[in-house]
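Spelled out from the first residue to the last, the chains are:
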Amino acid sequence: MDFNVKKLASDAGVFFSRAMQFTEEKLGQAEKTELDAHFENLLARADCTKNWTEKILRQTEVLLQPNPSARVEEFLYEKLDRKVPSRVTNGELLAQYMTEAANDFGPGTPYGKTLIKVGETQRRLGAAERDFIHSASITFLTPLRNFLEGDWRTIAKERRILQNRRLDLDACKARLKKAKAAEAKAAAVPDFQETRPRNYVLSASASALWSDEVEKAEHELRLTQTEFDRQAEVTRLLLEGISSTHVNHLRCLHEFVESQTNYYAQCYQYMLDLQKQLGSSKGEIFSGTFVGNADSTSPPPAAASPPAVAAATLPAVPTIPVVPTIVGVPSTVAEGVLNPNEVKPPASGTRKARVLYDYEAADSTELALLADEMITVYSLPGMDPDWLIGERGNQKGKVPVTYLELLS
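This is a predicted model, so every value here is computed, not measured.

**Section: the pattern of salt bridges**
This structure, assessed with the given rule, holds 16 salt bridges. Between Glu 227 and Arg 165 there is a salt bridge; the shortest N-O distance is 3.8 Å. Highlighted residues: Glu 227 in helix α6 (residues 197-240) and Arg 165 in helix α5 (residues 110-186), separated in sequence by 62 residues. Looking at Glu 227, the relative accessible area reads 36%, which means it is partly exposed. Residue classification places Arg 165 among the partly exposed residues on the basis of a relative accessible area of 25%. A salt bridge links Arg 354 to Asp 372; its shortest N-O distance comes to 3.0 Å. Within this pair, whereas Arg 354 is found in strand β1 (residues 351-355), its partner Asp 372 is found in the loop between β1 and β2 (374-378), the two being separated by 18 residues in sequence. On the basis of relative accessibility, which here comes to 27%, the residue Arg 354 falls in the partly exposed class.

Structure follows, in structure tokens:
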């Protein structure tokens, strides 16, 4: 018990001594041991690495999980060392709603069929997002978090020890300086004509005491200097290890970009497949809708088929019954099969159109489109109203109306 009390008192004395030294340095009343320029650069580089790693880590977590409540939940599970429960992604939840809606509306109806197709694509997008989040967490977030919670904590701990060693060293320097000043003052030769012999004896005794105090302070200074140098070397080695940390984080960054590239490539391919499915079935869906409504007493609303409305803005072309042979129109068009080489633009009725989105041709009868390009379009008798003939130089083929902005 006595040992613990003594140790506690000693630690308290050291603490107050360091606090006093630190305060005097801040007030400019005490000298401070400066580190060399290389060491200061290592410290600044380490602080910069720590600060930016924290920011990048937090923002990447926001990117992967925008929901703050979900992030807090995952953080708690991680701190409790428990497995994070599987969470449904937004895409998978949307796919579930679309599938349930299709079952209520009727999976055989045009709307129900489209809901099922879009829902399946959303499910695949959600699964791809889940895989990307898992991959990014392992290859990118985990190394950053390990640095902050492992290497950086070690560096911060050793830096605190170095700071204490420096304060102890500066305190020893201050004590030695004071002891030498007192020794010099006590060693001054007194004036025997004006000073009594007894005062001279006291002065000589004080000089000897201060000489012992100087030797003690010098011994403590040597020990403290040795400890400071040893701690400075340990801290320097840890700070120089920041370079290898940068190399490791660079490799992780490449892996993160690779995972993100694969994720977006998957999403793009899924959406292209869905676009082709919807494009191929669009004419059938709308034609089926119009046929189903043909017997109704009220005509279908004008907004029910945007492609039909867009097609209606073209110059009127006389519509004639589809027969095996139509004057001026290739038989392949009248039969529903387009051969671009046989198609000739009408004498009138062509107009310019601006492409809104990229479009990949499904077969040789279609014309691939690039966003923002200008093409010439026209319609032919017997064509699906959702499609037009597009021309770009010597190239021609069918193009979907919904991808165009018709110009006057």
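After presenting the structure, the write-up continues.
**Quick word on the nonpolar core**
Membership of the largest hydrophobic core comes to 35 residues, with the highest contact counts inside it found for Phe 132, Phe 140, Trp 152 and Leu 239. Listing elements by their share of this core, those giving two or more residues are α2 (37-64), α5, α6 and α7 (242-293). It is α5 that contributes the most residues to this core, 17 residues altogether. Residues Ile 389, Val 399, Tyr 403 and Leu 406 belong to the second largest nonpolar core, which totals 18 residues.

Cut-off values and rules
- Residues numbered from 1 in each chain as written.
- Predicted model: local features only at pLDDT ≥ 70, side-chain atom pairs only at ≥ 80, totals over all residues.
- Heavy atoms only, no water.
- Salt bridge = Lys/Arg side-chain N within 4 Å of Asp/Glu carboxyl O.
- Helix = DSSP H or I, 4+ residues; strand = E, 2+ residues; numbered from the N terminus.
- Buried < 20%, exposed > 50% of the residue type's maximum accessible area, 1.4 Å probe, protein only.
- Core = buried A, V, L, I, M, F, W, Y, C linked by side-chain atoms within 4.5 Å.

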